[in-house]
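Descriptive analysis of the structure
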Amino acid sequence: MAVLSTIISKKIVKPLSPTPSTQRWHKLSLLDQGIGNFYMGLVLFYPKHQVDIFQNGPKQLCILLENSLSKAITYYYPWAGSLRDNATIACDDTGAEFLEVQVNCPMDKVLYHQDSSIKNITFPQGVPLRNAADGACLIVSQLSHFECGGIAISVCLSHKVGDARSALFFVRDWAALTREPNAELVCPPYFVQDSLIPSPSDGPLTFPIIVSKPEERIELEKRFYFSASKIRALKDLVSAESGVENPTTTEVVSALVYKSAAIANLGSSHEQSRLILLSDIRKEISHSAPPTSIGNILTIFSTPIYNNKGDLRVSKLVADIRKSKHELSNRDNFKENEWASAMLHAYKTGDGTYRQSNCDVYRCSSASNIPFQDLDFGWGKPIRATMPSSPFGKMFYMMSTHDRGIEVIINLNEQQMSAFENDKDLLEFATPAHVED
């Protein structure tokens, strides 16, 4: 039986109170401007026994979420606005789109389905993979009801306003306002805007949409699961071989995934490759801005360019990642932001942001230390939090799971994926993530 969803209702949720005239314009930083105008997505799954607390069932739950969403976007007013140009959001109370749908199967059929695209049923149709069109809401959320009585809550947020940590703050506060409808936020969000990394002297960047080239279009997405015990074993192996003390989960898992993907691609593209990782730099502004700051407060760091298969050893990769992180920690990542430099180079030359490397570039975005699994709307923590498909090739995401494992979501072309998913070194530590663990 095909897994289908039917829309029950679709509406625009307006902020509970209008945005003050003093906050009508949100100025995007250089990093915000360089981000493509696409959505970040998150979905949380809750089984029937958690949501049985509602006497009036789905209708009561839907009204509760709509009301709390209305209050949440009053605080997060740029996400309730509209993108005016690549440097400005008009905080005009456009609102957030909210859908309620019925899915024609039990939750487990989606949650543990081998086909990753089935999980996208729980997101507003097509939204996670597209750019936000002119006039589109910058937040699109969906409440999905399953035949078993379980639910999924998904939200897609424009990446122009903020990064994954910003998304956590928004959903966390939305959940808090759902639990306690009459409460006020103790620590409201702080929008850094262009105060940290302003536009270049010759004006804002002029490319509002970044898309991958046709040859990079995604053919396959797969998810792999690393259990807590396998991660410990991988850390022990890396420590013994490299001498790196206390390697982190992100270091060891990203190194292994990159190594397996790069080897799988040898002979079909560049022989050379490198790994680029995103890094949250909020700690560096703790003296001038609160830890709940909203924006793309990021930079990148990378491995060297590797020339052959012999260079691609996990222990060496972890040592190189650690060295690059150390260099990152010893500089001012606002005055010397590598990601901003890459964006400016791309803007001035017309090249893609990562194309100056002249090699295969793999990108890792790790949310393994972002506690999406702890989000509680008033009926307990989700049994799983995950992300939708990505529009980018040679890209992988990492998310923590409820049992302290890691889910990796990776996009590769069909030929590369075939070799990747059969890599014996990868399979020593990872299993397909759809397996019910």
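Reading the values: rules and limits
Residue positions are given per chain, counted from 1 along the sequence in the order it is written. Given that the model is predicted, a residue must reach a pLDDT of at least 70 before its local features are reported, and side-chain atom pairs must reach 80 or more before they are shown or counted; all residues, however, enter totals for whole chains, interfaces and linings. By convention in this description, side-chain values take in all heavy atoms of the structure and omit both hydrogens and water. UniProt positions are given in the numbering used here, feature names are shortened, and annotations may be inferred rather than shown by experiment. A cavity here means a set of points on a 1 Å grid, drawn over the protein atoms and nothing else, where a 1.4 Å probe fits but cannot get out; a pocket is an open set with protein on both sides within 12 Å along at least five of seven lines, and a residue lines either one if it has an atom within 4 Å of a point. Grid points are joined across faces, edges and corners, and a volume is the space filled by probe spheres set on the points. Under the grouping applied here, Gly and all other residues not named as nonpolar or charged are polar, the nonpolar ones being Ala, Val, Leu, Ile, Met, Phe, Trp, Tyr, Cys and Pro and the charged ones Asp, Glu, Lys and Arg. By convention here, the domain bounds are inherited from an automatic or database domain assignment. Buried residues of nine kinds, namely Ala, Val, Leu, Ile, Met, Phe, Trp, Tyr and Cys, make up a nonpolar core once their side-chain atoms join them within 4.5 Å. Relative accessible area decides the class of each residue, using a 1.4 Å probe on protein chains only: under 20% of the type maximum gives buried, over 50% gives exposed, and in between gives partly exposed. In this description a helix means any DSSP run of H or I spanning at least four residues, a strand means any run of E spanning at least two, and both kinds are numbered starting from the N terminus. Residue contacts are counted whenever heavy atoms from the two residues lie within 4.5 Å of one another. Strand pairing is assigned whenever DSSP detects at least two bridges linking the two strands. Note on geometry: axes are C-alpha line fits, over the in-contact stretch for helices, and angles between N-to-C directions span 0 to 180 degrees. A side-chain nitrogen of Lys or Arg and a carboxyl oxygen of Asp or Glu constitute a salt bridge if their distance falls within 4 Å. Only Phe, Tyr and Trp rings take part, Trp by its six-membered ring, and two of them pair if their centres are within 6.5 Å. Stacked means planes under 30 degrees apart, edge-to-face means over 60, and tilted covers everything else. Any pair of nitrogen or oxygen atoms within 3.5 Å is treated as a polar contact; in protein, a donor-acceptor pairing is required on top of that, and neighbouring residues in sequence qualify only through side-chain atoms on both sides. Every angle not falling under 35 degrees, over 145, or within 65 to 115 is termed oblique; those three ranges are roughly parallel, roughly antiparallel and roughly perpendicular.

An unreviewed UniProt entry annotates the protein as Acylsugar acyltransferase 3-like originating from Nicotiana tabacum. Recorded in UniProt for the protein, the comment headed Sequence similarities (unreviewed entry) runs: "Belongs to the plant acyltransferase family."

1. Quick word on empty space enclosed by the protein
Enumeration over the complete set of coordinates arrives at 2 cavities of 30 Å³ or more. One number sums up the size of the largest cavity: a volume of about 60 Å³. Here the residues of the lining of the largest cavity are counted per class, giving 7 nonpolar, 4 polar and 1 charged. Of the residues that make up the lining of the largest cavity, three or more belong to each of domain 1 (4–191) and domain 2 (219–432).

2. Side note on the nonpolar core
Judged by nonpolar contacts, the single largest core of 75 residues is most densely connected at Trp-79, Phe-170, Trp-174, Phe-377 and Trp-379. Among the elements that line this core, the one with the most residues is helix H5 (residues 164–179), at 8 residues. When we break this core down by domain, the ones giving at least three residues each are domain 1 (4–191) and domain 2 (219–432). Excluding residues that lie within four positions of it along the chain, Trp-174 makes contacts with Leu-65, Ser-68, Leu-69, Ala-72, Phe-98, Ser-141, Ile-153, Val-155 and Phe-377. In terms of nonpolar packing, the next biggest core, distinct from the first, is built from 39 residues, Leu-312, Leu-328, Tyr-362 and Met-417 among them.

3. A word on the sheet that holds strand S6 (residues 96–103)
Read from one edge of the open sheet, 6 strands run S1-S6-S7-S8-S3-S15, paired in mixed fashion. At either end of the open sheet lies a strand with only one pairing partner, and these are strand S1 (5–13) and strand S15 (384–386). Direction aside, the axes of adjacent strands within the sheet are offset by 15° on average. As paired elements, S1 and S6 share 8 bridges and run antiparallel to each other. Across the sheet, the residue bridging to Lys-10 is Leu-99, located in S6. Against the sheet, helix H3 (residues 57–75) contacts S1, S6, strand S7 (139–145) and strand S8 (151–158), and its axis sits at roughly 160° relative to S6. Sitting on the sheet, H5 touches strand S3 (39–46), S6, S7 and S8, and the angle it makes with S8 is about 130°.

4. Some thoughts on the sheet that holds strand S5 (residues 88–90)
If you walk across this open sheet you meet the 3 strands as S2-S5-S4, and the pairing is antiparallel. The sheet terminates laterally at strand S2 (25–27) and strand S4 (82–85), the two strands that pair on one side only. For this sheet the average axis-to-axis angle between neighbouring strands, irrespective of direction, equals 30°.

5. What to know about the pattern of salt bridges
The full count for this structure, using the stated rule, is 19 salt bridges. For Asp-173, the salt bridge identified is with Arg-172, shortest N-O distance 3.4 Å. Judged by relative accessible area, Arg-172 falls into the partly exposed class, the value being 33%.

6. A closer look at the packing of aromatic side chains
What the rule picks out here adds up to 15 aromatic pairs. Plain terms: the ring middles of Tyr-46 and Phe-377 are 6.5 Å apart, the flat faces sit at 85° to each other, and that makes the pair edge-to-face. Placement of the pair is Tyr-46 in strand S3 and Phe-377 in the loop between strand S14 (360–367) and S15, with a sequence separation of 331 residues. With a relative accessible area of 0%, Tyr-46 lands in the buried category. Residue Phe-377 is classed as buried on the basis of its relative accessible area, which comes to 1%. Judged by centre distance (5.5 Å) and plane angle (70°), the rings of Phe-54 and Trp-379 are edge-to-face. Within this pair, whereas Phe-54 is found in the loop between helix H2 (48–51) and H3, its partner Trp-379 is found in the loop between S14 and S15, the two being separated by 325 residues in sequence.

7. Digging into the side chain of Asn-296
Position of Asn-296 relative to the elements: it lies in the loop between strand S12 (293–294) and strand S13 (298–302). A distance of 2.8 Å separates polar atoms of two side chains, one belonging to Asn-296 and the other to Asp-32. Of the polar contacts made by the side chain of Asn-296, one reaches the backbone oxygen of His-159; its length is 2.8 Å. Other than its neighbours up to four places away in sequence, Asn-296 contacts Leu-31, Asp-32, Ile-35, His-159, Lys-160, Val-161, Gly-162 and Asp-163.

8. Notes on the packing of helix H6 (residues 228–242) against helix H7 (residues 249–264)
Put simply, H6 and H7 touch, their axes get as near as 10 Å, and they point 85° apart. Regarding the angle of H6 to H7, the classification is roughly perpendicular. On H7, the residues that touch Ile-231, Leu-234, Lys-235 and Val-238 of H6 are Thr-249, Val-252, Val-253 and Leu-256.

9. Quick word on the pairing of strand S16 (residues 395–400)
When you tally the buried positions in S16, you get 6 out of 6 residues, the bulk of the element. Neither face of S16 is left uncovered, since the one carrying Met-395, Tyr-397 and Met-399 and the one carrying Phe-396, Met-398 and Ser-400 both have all their residues buried. Across 6 bridges, S16 lies against strand S17 (residues 406–412) in antiparallel orientation. Bridge assignment links Tyr-397 to a residue of S17, and that residue is Ile-409. Between S16 and S17, which pair antiparallel and follow one another directly, the connecting turn spans 5 residues, one of which, Arg-404, has a positive phi of 70°.

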